[in-house]
Amino acid sequence: MKTVVAEHLVKSYRNGEVKALNDLSLDVEEGTVLGVLGPNGSGKTTTVRILATLLKPDSGSANVAGIDVSKHPEKVREVIGLSGQYAAVDETLTGWDNLVMFSRLYHLGRQQSINRAKELLERFDLTEAARRPIKTYSGGMRRRLDLAASLIVKPKVLFLDEPTTGLDPRGRQDMWGVIQELVTGGVTVLLTTQYLEEADQLADEIAVIDRGTVIARGTSDALKKQVGGERLEITVESADVEKTKAIVAQVSGNPTHVDARTVSAPVSTGSQALIQALRALDEAAIHPLDIALKRPSLDDVFLALTGHIAEETVIEPVKAKRGRK
Amino acid sequence: MKDAISDALVITKRQLLQLARIPEVLIFSTIQPVMFVLLFRFVFGGSIDTGQPGGYVQLLMPGIFVQTVAFTLASTASGLAEDMKKGLIDRFRSLPISRGAVVIGRTFGDALLNILVLVVMALAGFAVGWRPTSGVLKISLAFIFLFAFGYALSWIGIYVGLVVKEARTVQAAGFLVTFPLTFLSNAFAPTTGMPRALQYVAEWNPVSSMVAACRQLFGMKNEFGATANSWPSQHPLETSLLYMVLLMAIFIPLSIRKYKNTSN
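**Overview of the overall build of chain A**
At step 1: Check the secondary structure of chain A and you find eleven helices and 14 strands.
At step 2: Dimensions of chain A along its principal axes, counting C-alpha atoms only, are 75 × 60 × 35 Å.
At step 3: Every one of the 325 residues in chain A was classed for burial, and the buried ones make up 45%.
At step 4: Taking the intrachain contacts of chain A between residues at least 6 apart in sequence as the baseline, contacts between residues at least 24 apart amount to 67%.

Here you go:
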């Protein structure tokens, strides 16, 4: 059963000048995690905001747990949890205050709210910090508290909008652990991220979005096969770039990308490709300044899927139609 | 409906907790009006002849009461704008709570703060010679008027906070509105000294009718207005009531609708 379904969502800002969503459709199977992968401005947050009833689409429809988000937003709110990109808790209050407040707003009784706050603080390893104002928390603690606040009544669907953006590697690891634990508990999750690695770690399926629409979807493995898994990257003297390009193209069997003196291409044979490339370079008497096998990044996914690198602001102004409805 | 009220009260409680966590806010929001009382009383009090027993402070206190409740409009607005910016309003909007609860809760919190500020100011006024002469009933009615006026204005604050979205802009814009509103009135000086055109503006200013109503309820003649002989200056109580009802009738539905559709 599909727990989240979005069909042909369109959303423009500034009277149609900026198109955030352009016929976006996606769905999430019950009890699974969908990772929505895309660069800044590709429409990830807009999608989440529409599904979480914060924003109305210009056209298209969406269902969450079988409920139409436009027709019955109040019913949708009873079954979802939302944890935003910017920790949306009251920073002047303590972690304890926040969780009790949100419990009360979910209409738990006074004692129930206290118990729930206690449980959640313990579960997210925040008991010691419970009585401190949120503004004294580290980035990771803040995100954990934010997540805790979205789990007060066990939601059927959890929306996580870039849960680890801005966290240090340690905080990211912790957060991943927490989310994985949740997923084992059976909740349906839609998670947005800019990191392929994150989607790879957490999601059963990945939808890649660009300019407000889904450009590819599939399991992490399928996607990686498409991207070529790893990436061979060789930096050489300017004079050798052309020759190196030919070598890389031959070894990888994929289109190459040249950035100044660095030549790169997706490879599927791992270290084998590295050895072949080194041999070929040696035969051609080229001395590489740097050579590496890199795990694929969002840029690589985009390069493979769209032929262009993920751009920060991919929203393009559409020509405004003034004076017409 | 029962849920709506209890949701709103949770939001009110949040505001009180905030005050408990940052007591400076509470201290400064009570010191400021007391400072105004002292400044006006001792700077202008000696040189303005009111022709009434008890001197300038009798006319001043109603003016300062009204000014203070009017100033809270700006803090209502900036508090809400801050919540919007931090994403807290988005969080609230994703919860299964009634539509008006968040903004209603905030107006309740600001109303409670207003009560405290009014009490502190009344004590400060008393200490510097303010003596209302009308009797308990009318004095209480004056405070109910002040409280209600503050409540009505806080809904303007809610609307401004939802529309402007940037706390610092709100703070600055708030002063741009509240300063002329409170000084272009009979609150601190007679309207008779103003150019004729301004006299009309001042007399139709809700602040003037409120001040005149309070002066009347505290038991003194409103010597600072009524030169243009406008209807509001003749009927301050009725005019004040009318303004309050009007403000709430306009800004409550407007604000709740704006909250519902916000960030679209």
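**Notes on the overall build of chain B**
At step 1: Of regular secondary structure, chain B possesses eleven helices and zero strands.
At step 2: For 264 residues, the compact-globule estimate of 2.2 N^0.38 gives 18 Å, and the C-alpha radius of gyration of chain B, at 19 Å, lies within 12% of that figure.
At step 3: Across its three principal axes, chain B shows a C-alpha extent of roughly 60 × 35 × 35 Å.
At step 4: In chain B, which comprises 264 residues, the share counted as buried stands at 46%.
At step 5: In chain B, of all internal contacts separated by at least 6 residues, the share reaching a separation of at least 24 is 83%.

**Quick word on the sheet that holds strand 3 (residues 33-37) of chain A**
Within a sheet, neighbouring strands are paired by backbone hydrogen bonds and run either parallel or antiparallel to one another.
All names here are of chain A.
At step 1: In space, the six strands of this open sheet follow the order 6-7-8-3-9-10, with mixed pairing throughout. Two strands lie at the open edges of the sheet, namely strand 6 (80-83) and strand 10 (213-218), each paired on one side alone. Adjacent strand axes in the sheet meet at a mean angle of 15° when their direction is disregarded.
At step 2: Across five bridges, strand 7 (residues 157-161) lies against strand 8 (residues 188-193) in parallel orientation. Paired with F159 across the bridge in strand 8 is L190.

**Some details on the pairing of strand 10 of chain A**
Residue and element names in this part refer to chain A.
At step 1: Sheet topology places strand 9 (residues 205-210) next to strand 10; five bridges connect them, and they run antiparallel. By the bridge assignment for strand 10, V208 is matched with A216.
At step 2: Between strand 9 and strand 10, which pair antiparallel one after the other, the connecting turn spans two residues, and R211 there sits at a positive phi close to 50°.

**Looking at the interface of chain B and chain A**
At step 1: In this assembly, 20 residues from chain B lie in contact with 23 residues from chain A.
At step 2: Of all the secondary-structure elements, those providing two or more residues to the side of chain B that touches chain A are helix 1 (2-21) and helix 4 (88-93) of chain B.
At step 3: Considered class by class, the residues forming the side of chain B that touches chain A number seven nonpolar, five polar and eight charged.

**Some remarks on the domain arrangement of chain A**
Interfaces are frequently sized by the accessible area removed from exposure as the parts join.
At step 1: Annotation of chain A at the domain level lists domain 1 (2-224) and domain 2 (230-294).
At step 2: The C-alpha centroid of domain 2 of chain A is placed 40 Å from the C-alpha centroid of domain 1 of chain A.

**What to know about helix 3 (residues 95-105) of chain A**
At step 1: Burial of helix 3 of chain A is extensive: ten of the eleven residues sit out of reach of the surface.
At step 2: If you follow the buried residues of helix 3 of chain A, they end up packed against helix 4 (110-123) and helix 5 (139-149) of chain A together with helix 1 of chain B.
At step 3: Note on helix 3 of chain A: the residue one or two positions beyond its end, H107 of chain A, has a positive phi of about 65°.

**Remarks on the packing of helix 3 (residues 56-86) of chain B against helix 5 (residues 101-127) of chain B**
Residue and element names in this part refer to chain B.
At step 1: Viewed as axis vectors pointing N to C, helix 3 and helix 5 meet at an angle of 155°, and their least axial separation amounts to 10 Å. Comparing the axis directions of helix 3 and helix 5 gives the class roughly antiparallel. Where helix 3 crosses over helix 5, the handedness of that crossing is right-handed. Every residue of helix 5 that contacts helix 3 at V57, M61, I64, F65, T68, V69, T72, T76, G79 and L80 is listed here: R106, D110, L113, N114, V117, L118, M121 and G125.
At step 2: For the contact of helix 3 with helix 5, the per-class residue count stands at ten nonpolar, six polar and two charged.

**Quick notes on the sheet that holds strand 5 (residues 67-68) of chain A**
All names here are of chain A.
At step 1: With antiparallel pairing, the four strands of this open sheet are ordered in space as 2-1-4-5. For this open sheet the edge positions go to strand 2 (18-29) and strand 5, each flanked by a neighbour on one side alone.
At step 2: Relative to strand 5, strand 4 (residues 59-64) runs antiparallel, the two sharing two bridges. Its bridge partner lying in strand 5, N63 is registered against D68.
At step 3: Where helix 1 (residues 44-51) meets the sheet, it contacts strand 1 (2-13), strand 2 and strand 4, and its direction lies at approximately 120° from that of strand 1.

**Quick notes on the pairing of strand 11 (residues 230-235) of chain A**
Residues and elements named next belong to chain A.
At step 1: The element strand 11 is extensively covered by neighbouring structure, given that five of its six residues are classed as buried.
At step 2: Sheet topology note: the strand 11/strand 13 (residues 262-267) ladder contains six bridges and is antiparallel. Paired with T235 across the bridge in strand 13 is T262.
At step 3: As judged from the five bridges shared by strand 11 and strand 14 (residues 290-294), these two strands associate in the antiparallel manner. Looking across to strand 14, one finds that L232 is bridged to L293.

The rules behind these values
Residues numbered from 1 in each chain as written. Chains lettered and ligands numbered in written order. Predicted model: local features only at pLDDT ≥ 70, side-chain atom pairs only at ≥ 80, totals over all residues. Helix = DSSP H or I, 4+ residues; strand = E, 2+ residues; numbered from the N terminus. Buried ≥ 20, exposed ≤ 12 C-beta atoms within 10 Å, placed from the backbone. Contact = placed C-beta atoms within 7 Å. Rg over C-alpha atoms; globule rule 2.2 N^0.38 Å. Pairing = 2+ DSSP bridges. Axes fitted to C-alpha atoms, helices over the stretch in contact; angles between N-to-C directions. Nonpolar A, V, L, I, M, F, W, Y, C, P; charged D, E, K, R; others polar. Domains from an automatic or database assignment. Parallel < 35°, antiparallel > 145°, perpendicular 65-115°, else oblique. Left-handed = near helix turned anticlockwise from the far one by under 90°.

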